[in-house]
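A structural walkthrough
Given next are the chains, with one letter for each unit.
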Amino acid sequence: MSIRPRVLLVEDTPSLSLLYKQYMSELDVDVKIAETGKFGLQLIQEWKPNILLLDIELPDMNGLDLLKVIQENELPINTVVITAHGSVAVAVDAMRTGAYDFIVKPFNANRLRVTITNALEQLKLTELVESIKDSSRANFEGFVGSSLSMQAVYRIIDSAATSKATVFITGESGTGKEVCAEAIHRQSKRAENPFIAINCGAIPRDLMESEIFGHKKGAFTGATADRDGAATMANGGTLFLDEIGEMPMELQTKLLRFIQTGTFQKVGGSQVEEVNVRFICATNRDVLEEVEQGNFREDLYYRLHVIPIPMPPLRERGEDILLIARKFLRDYTLEEEKNFRGFGEQVERILATYKWPGNVRELQNIIRNIVVLNDGEIVQPEMLPPPLSHIEISPEQAKLVDAQIAKAGHAMTMKDPTTVSPLWIAEKSYIEMAIQVCEGNIPQAAKKLEVAPSTLYRKIESWKSKAVVTTEAVGD
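The model shown is predicted, which means the values in this text are computed figures rather than measured ones.

**Some points on the overall build of the protein chain**
Secondary structure summary: the protein chain contains 19 helices and 18 strands in total. Counting all 476 residues of the protein chain, 43% fall into the buried class. Across the protein chain, contacts joining residues at least 24 apart in sequence account for 69% of those joining residues at least 6 apart. Per element, the accessible surface of the protein chain, about 24,600 Å² overall, is 51% carbon and sulfur.

**Considering the sheet that holds strand β15 (residues 278-283)**
Sheet architecture is open: five strands sit in the order β9-β12-β15-β8-β16, paired in parallel fashion. Looking at the sheet topology across the chains shown, the edges are occupied by β9 (195-199) and β16 (307-310). Across the sheet, the axes of successive neighbouring strands diverge by a mean angle of 20 degrees, strand direction being ignored. Of the strand pairs in this sheet, strand β8 (residues 167-170) and β16 are connected by four bridges, and their pairing is parallel. Note on β16: the bridge partner recorded for F168 is P308. In this fold helix α6 (residues 148-161) packs onto β8, β15 and β16, with an angle of close to 155 degrees to the strand it touches most, β16.

**Considerations on the packing of helix α8 (residues 205-213) against helix α10 (residues 249-261)**
Between α8 and α10, the shortest axis-to-axis distance is 11 Å and the interhelical angle comes to 15 degrees. The angle between α8 and α10 falls in the class roughly parallel. Between α8 and α10 lies a crossing of left-handed hand. Listed contacts from α10 to M208, E209, I212 and F213 of α8 are L251, K254, L255 and F258. Partitioned by chemical class, the residues of the contact of α8 with α10 number six nonpolar, no polar and two charged.

**Structural notes on the sheet that holds strand β2 (residues 30-34)**
Pairing is parallel across the open sheet formed by five strands, whose spatial order is β2-β1-β3-β4-β5. Only two strands of the sheet have a single partner each, and these edge strands are β2 and β5 (101-104). Shown here is a sheet whose adjacent strand axes are inclined to one another by a mean of 20 degrees, direction ignored. Set on the sheet, helix α3 (residues 63-72) makes contact with β1 (6-10), β3 (51-55) and β4 (78-83); between it and β3 the angle comes to about 155 degrees.

**A word on the confidence of the model for the protein chain**
Across the protein chain, the average pLDDT comes to 85, with 88% of residues at or above 70. A low-confidence stretch, residues 467-476 stays under pLDDT 50, and its non-local contacts, those more than four residues away or across chains, total zero contacts.

**A closer look at α10**
Side chains of residues three or four places apart in an α-helix project in the same direction, reflecting 3.6 residues per turn. In this model α10 runs 19 Å from its N-terminal to its C-terminal C-alpha over 13 residues, within 8% of the 18 Å that 1.5 Å per residue would give. Those residues of α10 not exposed but buried are L251, Q252, L255, L256, F258 and I259. Down the axis of α10, the smallest arc covering the buried residues is 165 degrees, so these residues share one side. Contacts made by the buried residues of α10 are with α8, α9 (230-233), β12 (238-242), β13 (263-265), β15 and α12 (298-304).

**Observations concerning the pattern of salt bridges**
According to the stated counting rule, one finds 22 salt bridges in the structure shown. Of the charged contacts in the structure, one is a salt bridge between E348 and R326, with a shortest N-O distance of 2.6 Å. Placement of E348 in helix α14 (residues 345-353) and of R326 in helix α13 (residues 320-336) is noted, with a sequence separation of 22 residues between them. Overlapping salt bridges bring together R4, D28 and D30 as one network.

**What to know about the packing of α6 against helix α7 (residues 177-187)**
Running from N to C, α6 and α7 cross one another at 45 degrees; their axes reach a closest spacing of 8 Å. When the interaxial angle is binned, α6 and α7 end up oblique. Judged by the twist between their axes, the crossing of α6 over α7 is right-handed. Touching I157, D158 and A161 of α6 are C180, A183, I184 and Q187, all from α7. Of the residues belonging to the contact of α6 with α7, the class tally is five nonpolar, one polar and one charged.

**Thoughts on the packing of aromatic side chains**
Tallied over the full model, the rule gives 13 aromatic pairs. Between Y20 and F107 the ring centres are 4.8 Å apart and the planes differ by 25 degrees, which places this aromatic pair in the stacked class. On the criterion of sequence distance, the pair formed by Y20 in helix α1 (residues 14-23) and F107 in the loop between β5 and α5 (109-134) is long-range, its members being 87 residues apart. Measuring from ring centre to ring centre gives 5.9 Å for F328 and Y332, while their planes differ by 10 degrees; the resulting arrangement is stacked.

**Let's talk about the environment of I184**
When you line up the elements, I184 lands in helix α7. What makes I184 buried here is its relative accessible area of 0%. I184 sits 54 residues away from T238 along the chain, and the two C-alpha atoms are 9.2 Å apart. Ignoring anything within four residues of it in the chain, the contact list for I184 reads I157, A161, V167, R278, I280 and I309.

**Quick word on unusual backbone geometry**
A cis amide bond links K105 with the next residue in sequence, P106, at an omega value of -10 degrees. Secondary-structure assignment places P106 in the loop between β5 and α5. Cis geometry marks the peptide bond from P386 to P387; its omega dihedral reads 0 degrees. Relative to the helices and strands, P387 resides in the loop between β18 (378-379) and α16 (395-408). In this structure, E141 is a non-glycine residue whose phi angle is positive, near 45 degrees. Given a relative accessible area of 25%, E141 falls into the partly exposed group. One non-glycine residue, E243, lies in positive phi territory at about 50 degrees. Within the fold, E243 resides in the loop between β12 and α10.

Reading the values: rules and limits
- Every chain begins its residue count from 1, and numbering advances along the sequence as written.
- Totals for whole chains, interfaces and linings use all residues, but because this is a predicted model, local features are given only for residues with pLDDT of at least 70 and pairs of side-chain atoms are given and counted only at 80 or more.
- Just so you know, side-chain values use all the structure's heavy atoms and leave hydrogens and water out.
- Helical segments are the DSSP runs of H or I of at least four residues, strand segments are the runs of E of at least two, and each set is numbered from the N terminus.
- Buried residues are those whose accessible area, probed at 1.4 Å on protein chains only, stays under 20% of the maximum for their type, while exposed residues exceed 50% and partly exposed ones sit between those limits.
- Throughout, a contact is declared for two residues whenever any of their heavy atoms are within 4.5 Å.
- Using a 1.4 Å probe, accessible areas were evaluated by the Shrake-Rupley method; residue-level cover was limited to the displayed protein chains.
- Two strands form a pair only when DSSP identifies at least two bridges running between them.
- Structural elements are reduced to axes, namely lines fitted to C-alpha atoms, with helices fitted over the stretch in contact, and the angle between N-to-C directions of any two is expressed from 0 to 180 degrees.
- Relative orientations are named as follows: roughly parallel for angles under 35 degrees, roughly antiparallel for angles over 145 degrees, roughly perpendicular for angles from 65 to 115 degrees, and oblique for any other angle.
- Crossings are classed by handedness, with left-handed meaning an anticlockwise turn of the near helix from the far one by less than a right angle and right-handed meaning a clockwise turn.
- Gly is placed with the polar residues, together with every amino acid not listed as nonpolar (Ala, Val, Leu, Ile, Met, Phe, Trp, Tyr, Cys and Pro) or charged (Asp, Glu, Lys and Arg).
- Values of pLDDT, which run from 0 to 100, indicate the predictor's confidence residue by residue.
- One fewer than the residue count of a helix, multiplied by 1.5 Å, yields its expected span.
- Working definition: the arc comes from the directions between the helix axis and the C-beta atoms, pointing outward to the latter.
- Each reported salt bridge corresponds to a side-chain nitrogen of Lys or Arg within 4 Å of a carboxyl oxygen of Asp or Glu.
- What counts as a ring pair is set by centres within 6.5 Å for rings of Phe, Tyr and Trp (its six-membered ring), and what kind of pair is set by the plane angle: stacked under 30 degrees, edge-to-face over 60, tilted for all other angles.

In structure tokens:
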């Protein structure tokens, strides 16, 4: 916590209040005392304590009523109930209601200090978890997506990029395997050197060896001059072998030797050449199944399969579908000089419901089709091409996908693409809008935004500090 933790003691006996405050004097906390439940509620709203020490027996209300207010509003407060020896059952009920802990009178200073320290540590852990969630990346090296499955991909890329180990990317066609390979290269120490990609499924089998290793003049019909292959061109950089599962068995043997030794011979040549290359491979096949069927060398598979990265299909990426669709809409609207600003509500439901067998590539083609063949500010259902134009959304389906749509947020305006606000300002605007829609009820707004209320409370505090800094800067 950036400021001293705040402890609110709600206790109606002055002598005990002073005693407990003295007990807490050795802790690095600020303490305020309320002798009534009403004053305690006022301080909770105005002072926003981190820890509440709550006596159950109060002159104007039951302490549990105070606890219920905290729980109903999901306030980020850890409550420690103070109870008499004969009221332990009440304290247990309080913990069922949401209290963090209870402490039985009489207690000594050490018991109170340990309880408060533990409650503060638990708050710090909660704050840490929320901050990790907040740090999720929605954009990363050419990717768009904040889903958990993509966060895992980003973390593997971060770790793998600095290594020399071979990376093996798997996933359906259109999931972004080459984008992943390029991201690894850009994050690596080889970023200033070449990134050479070879699609093993798009090259005729009799020319694949020449494409990878190069050839000498006269090596075969049409070889009218010496030619460097991808291995030579990628020296010092990264060689990406896409659709490695399509490689002929006889070439797999030569590739294995190349990976093991870093040396090769051009087709028709006798000179051994040596290069320094980092290998990244990708396939949409089940390579282990190919190994079992004898179509792929087992030793080559294990040589390549050092750091696996499975790319998730688009249908499993939740809110990413709309984030990606909105990016494509912005890009193609500017490129085609159209006027689109976003998708209609029913269109977003259709996009979120469709299974996307062609993954991101299919989504990209659909959005380009819409932008090229139509115009307007909002994409309407009648603008959708098949098969999306045939999808009907039932009220039950609409309820299921609306939460996903809310999680993806609203589309950015494209009226002035040259104006970009800091991210925290855009986020602040959206959160404030959600709070306004919920008539100031922060827990309800948090529920609609699918975040913890403590996240919103923390962000509101951070905006206040930013405002102070900005004011001071203007004053200077």
